[in-house]
Structures are given as structure tokens and as C-alpha cells.
Amino acid sequence: MDESLDRARALLLGAQRVAVLTGAGISAESGIPTFRDAMTGLWSQFRPEDLATPEAFAANPKTVWDWYASRRERVAKVAPNAGHAALVALENRTPHFTLITQNVDGLHARAGSRNVIELHGNIMVDRCFAEGCVLTSADEIPGTPPRCARCGALVRPGVVWFGEALPPNTLDDALAATKRCDVFLSIGTSNVVEPAASLPFTALQAGAAVIEVNPERTPLSARATIVLAGAAGEVLPRLVG
Ligand code: OAD
């Protein structure tokens, strides 16, 4: 690990353009469960088709709303960790830096990251289920779930559900940063959900070095330029500090 870490540090220090992709693993040390870890992952306890599709929300809005409300409560209680902080330090010293996240918890922004692309939306944002527009509590009629005061439709959490398109422009912006970068960092993602899962391979194809940070092997590991097998909160401060 030490030799790989030194090589990865040198690559990042020499890079003008860095793109980072994060997944649930970077927030695990803040106390937010991942999706696919065998014992603690959300998808080992719940079926995504019951909770994370537009059809599930249409059929059982209260069940879905309550599940997201409990996840929101957890997110509101936790704080960014040393891994999030290390990415802020990396952004501060890198001329062109883009942070692409699959996480909906907003912890990168709360840590101080500025150029963040939220591919899967943000769990703290409310949207109208009919029209998709962002709503604040002033635009809502209270209820479980609330209703849009403008059109009467249900209010939904502002996350991307299975079968839905990503928020406008996010994928184009992520792809542009991925194709231009010198170094691409993939952190705490199982690398199985498209289109995010393809980004590190796109970076490799475009000639970037790809560094993976994850305690487990993923479909990327065999192809990554450097694999740093460890927890983000431990590896990233050493990689950037
Ligand atoms: P997963 O739960 O699929 O993967 C989490 C990854 O984090 C695993 O590979 C773990 O080995 C790794 N991990 C665990 N603890 C870690 C730590 N302390 N440091 C670094 N890595 C650690 O989560 P994602 O890949 O983010 O989509 O899942 C992708 C998408 O699937 C999510 O955005 C979500 C889900 O369905 C939507 O909600 C649309």
C-alpha cells in the first residue's frame, strides 16, 4: 500500500485536471449506510423496487415518503468525515477539479467542496411529482407526503429513482470532466450502477490514470492504474495530505 500510495500522491500532485467519482462508501464513516454492503447495506434490508422507483411512489406514497424521511433525519444528524475534508483540500490545490457524486446526502457541499455534480440528486430537496420543479415548504400543503400547492400533485424527494433520467446536464458535465482529466479518482463505489459505473473506464480510454479507493474489489479494480485498498477516511487524508 505505501508504494502505491506514494505513486498515487505523485500523480495527483502533477495533475492539472482531476475528476473524482464518489459513492456511498465515502459517507459510510459518517454513519450513513451504503446500499450493497452485505450486512449493513440498505439494499440487503429493503427491495429497491418497493422504495426507489416512480411506480413504488405512485402505489405507496406514504411508505416511500416515510422511508426517505427517516433517511433525511439520519443525514441531518451526521457530519462530513476526514475523507470529505481531504477532497476539499485536493480541490483547493488543483487547477481544474470536478467532484462527481452518486450520493444524495449533500455531505461534500457541507464539507466545503464547491464544484460538485450530484448525479443522483439530493435527498434534502423536495420536488413536485407531476412537474419535477423544486419546492420549498412555502409551496407545499402539509401531509404525508405533502402536496404541491400549485398543482395539487404529491411532493417527492429530489433523488433519482431507478428507471428515471439523471438531472439535466449532470451527465454531460460529468462526461466532459472525465474525458479531460489527467487523473480520475473512484472512491467508495461498487461500480455497478450505470451510467456512473462507466465513467472510470471512459477516463482510462481517454488516457487518464485511474486511482481506486475501496476496501473491497470492484469491477474496476482489475483495470485501475492504482488500487488503494482501504477506507476513504483513512486513505484520502494520506493521499492528499
Ligand atoms: P454501494 O453500496 O453499491 O457501494 C458502496 C461501496 O463502498 C462498496 O464497494 C464498499 O466496498 C465501499 N465502501 C464501504 N465502506 C467504505 C469506506 N469506509 N471507504 C471507502 N469505500 C467503502 O454504493 P454506490 O456504489 O454508491 O442509486 O451505489 C450506487 C447507487 O446505487 C447509489 O447512488 C444508489 C444505489 O441504488 C440511487 O439511489 C439512484
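Residues numbered from 1 in each chain as written. Predicted model: local features only at pLDDT ≥ 70, side-chain atom pairs only at ≥ 80, totals over all residues. Heavy atoms only, no water.

One can find threonine 98 in strand S2 (residues 96-101). Assessed through its relative accessible area of 12%, threonine 98 is described here as buried. Non-local contacts of threonine 98, meaning those with residues more than four positions away in its chain, are made with Val18, Ala19, Val20, Asn115, Ile117 and Ala177. (Helix = DSSP H or I, 4+ residues; strand = E, 2+ residues; numbered from the N terminus. Buried < 20%, exposed > 50% of the residue type's maximum accessible area, 1.4 Å probe, protein only. Contact = heavy atoms within 4.5 Å.)

Moving on, we get to unusual backbone geometry. A cis amide bond, omega -5 degrees, links threonine 144 with the succeeding residue proline 145. Residue position: proline 145 is located in the loop between strand S6 (140-141) and strand S7 (147-148). Backbone torsion omega between glutamate 194 and proline 195 reads 5 degrees, so that peptide bond is classified as cis. Position of proline 195 relative to the elements: it lies in the loop between strand S9 (183-187) and helix H10 (199-205). Phi is positive for asparagine 191, which is not a glycine, with a value near 60 degrees.

Worth remembering: the numbers are spatial, not functional.
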